[in-house]
Amino acid sequence: MSTVSSLPFIPHAEQSESQLQRATLRFGGLYLLAVFLSSSLLWGLAGTDPVDSAVGKVFLLAMAALLAALLTMLLVRLKALPLPAKAALCFTLSLVGGVLYCGIDHAIYAICVYPAAPVWDMTGIAYNVIYGTSLYFGWSCLFLALSYSFDLRDHERRLALMREEAMAAQMRALRYQLNPHFLFNTLNSMAGLIEEGERDDARDMVFSLSAYLRTTLALDPLQDLLLEEEVALQTGYLTIEQRRFSDRMGVEIDLPEELRKVLVPSLILQPLVENAVKHGACRKAGGVTIAIRARQEAGRLWLLVENDMALADQLPGAASFGIGLRNVGERLARRFPGASGYHYGRTGDGRFRVTLTMPIRTA
């Protein structure tokens, strides 16, 4: 699972500003078109021919658009002002814009009636100033709402990125829970083999450990693996542990052919297998069998890890299976929210079983 975007890198602030500019142009065009159509309809109802007045209205709205652009640029520069100050500023600038709008409208009217003298109707001029002020104040409110929506979306995007980064960091922390006792015990076993003169076995153990560590440490904790690859890694781990316990530990793998290419989170079985060794071979005298099984039920993948238990651990509350199992449950819950399962407990035949369920996904 990759968290790297396939889009080219664009700084978030620059990208958001570019999107806001495009949205402002679109909404501004729609706003002017709505004003043009509504004014044509209203003047038509008042007795003015919409076709004859169209040229004048287009010129008037062009001047209004220029004033609105200047108003918008000023609001952008004063973006850091608190909301009450912005509201007062919008009203003041809208009032100034309304006066200028009225002046432009009257100049167009004077040109249209030339050579007759224009009629100065103070009531009409007052209504025109109010209309222009409302026009600009409406646009100011629309632009502020649009700007705040983009700021909110940008803030949510940053929060989502931070949550994703935090989740990725937690996933890595959960993933890199390699049991240090495994390394200590393996190194002690190598030292014991060398002291006993079993240099070939010690060398093979070194090579096995080196290959295992090289493979696991190179894995991306957020990358998925084929189930057959995941099981192969655990088989390599168990091969190293089998050298420690000689003939006392057996391994059973049940991996149906149709599930080999199913994808699973990398090293999801590692803590379970480590616990199986710790609470099985390390604590139980005599033979111990550790089993890894996979099956498909109701369109879901079931993974099971089982191990024999010491008699003392079979008593209720006798053994704690700790943070490793909880980490696996948390990884699954974060990787497949609401679509995964995680259960563990003692079985009736003296064994301990962990069951994981998740959606079936193929490469």
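Residues numbered from 1 in each chain as written. Predicted model: local features only at pLDDT ≥ 70, side-chain atom pairs only at ≥ 80, totals over all residues. Heavy atoms only, no water.

**Focus: unusual backbone geometry**
Item 1. Its identity is not glycine, yet Leu 267 carries a phi of approximately 55°, on the positive side.
Item 2. One can find Leu 267 in the loop between strand S3 (263-265) and helix H8 (270-281).
Item 3. Of note in the backbone geometry, Ala 298 takes a positive phi value of approximately 55° without being a glycine.
Item 4. Topologically, Ala 298 is positioned in the loop between strand S4 (288-297) and strand S5 (300-308).
Item 5. Overall, Ala 298 belongs to the exposed group, its relative accessible area being 81%. (Helix = DSSP H or I, 4+ residues; strand = E, 2+ residues; numbered from the N terminus. Buried < 20%, exposed > 50% of the residue type's maximum accessible area, 1.4 Å probe, protein only.)

**Side note on the UniProt feature "transmembrane region" (unreviewed entry) in the protein chain**
Item 1. Sites flagged by UniProt as "transmembrane region" (unreviewed entry) map to residues 27-46, 58-76, 88-117 and 129-150.
Item 2. When the span residues 58-76 is considered, its composition is 100% helix and 0% strand, and the gap between its end C-alpha atoms is 26 Å.
Item 3. Along residues 129-150 one finds 100% helix and 0% strand; the C-alpha atoms at either end are 31 Å apart. (UniProt positions renumbered as here; feature names shortened; annotations may be inferred.)

**Remarks on the packing of helix H6 (residues 199-218) against helix H7 (residues 227-245)**
Item 1. Where H6 meets H7, the closest approach of the two axes is 10 Å, and the angle between their N-to-C directions is 150°. Comparing their axes, H7 and H6 come out roughly antiparallel. By crossing handedness, the relation of H6 to H7 is classed as left-handed. Here Asp 201, Asp 204, Met 205, Ser 208, Leu 209, Tyr 212, Thr 215 and Thr 216 of H6 come into contact with H7, specifically with Leu 233, Tyr 237, Ile 240, Arg 243 and Arg 244.
Item 2. When the residues that make up the contact of H6 with H7 are grouped by side-chain class, the tally is 6 nonpolar, 3 polar and 4 charged. (Axes fitted to C-alpha atoms, helices over the stretch in contact; angles between N-to-C directions. Parallel < 35°, antiparallel > 145°, perpendicular 65-115°, else oblique. Left-handed = near helix turned anticlockwise from the far one by under 90°. Contact = heavy atoms within 4.5 Å. Nonpolar A, V, L, I, M, F, W, Y, C, P; charged D, E, K, R; others polar.)

**Here's the deal with the pairing of strand S7 (residues 351-359)**
Item 1. Among the 9 residues of S7, 7 are classified as buried, and the element is accordingly described as predominantly covered.
Item 2. In the sheet, S5 pairs with S7 via 9 bridges, with the strands oriented antiparallel. By the bridge assignment for S7, Leu 303 is matched with Leu 356.
Item 3. Judged from the 6 bridges that link them, strand S6 (residues 341-346) and S7 form a sheet pairing that is antiparallel. Directly across from Gly 345, in S7, lies its bridge partner Arg 353.
Item 4. Hairpin connection, S6 to S7: the antiparallel pair is bridged by 4 residues, and Gly 350 has positive phi, about 80°. (Pairing = 2+ DSSP bridges.)

**Concerning H6**
The α-helix advances 3.6 residues per turn, and as a result positions three or four apart in sequence lie on the same side.
Item 1. Taking 1.5 Å per residue as the helical rise, H6 with its 20 residues ought to reach 28 Å, and the 28 Å between its terminal C-alpha atoms agrees with that figure.
Item 2. Every buried residue of H6 is listed here: Ala 202, Met 205, Leu 209, Tyr 212, Leu 213 and Thr 216. Looking straight down H6, one finds its buried side chains confined to an arc of 95°; they lie on one side. With respect to the buried face of H6, the exposed residues turned more than 90 degrees away are Arg 199, Asp 200, Phe 207, Arg 214 and Ala 218. (Expected span 1.5 Å × (residues − 1). Arc of directions from axis to C-beta.)

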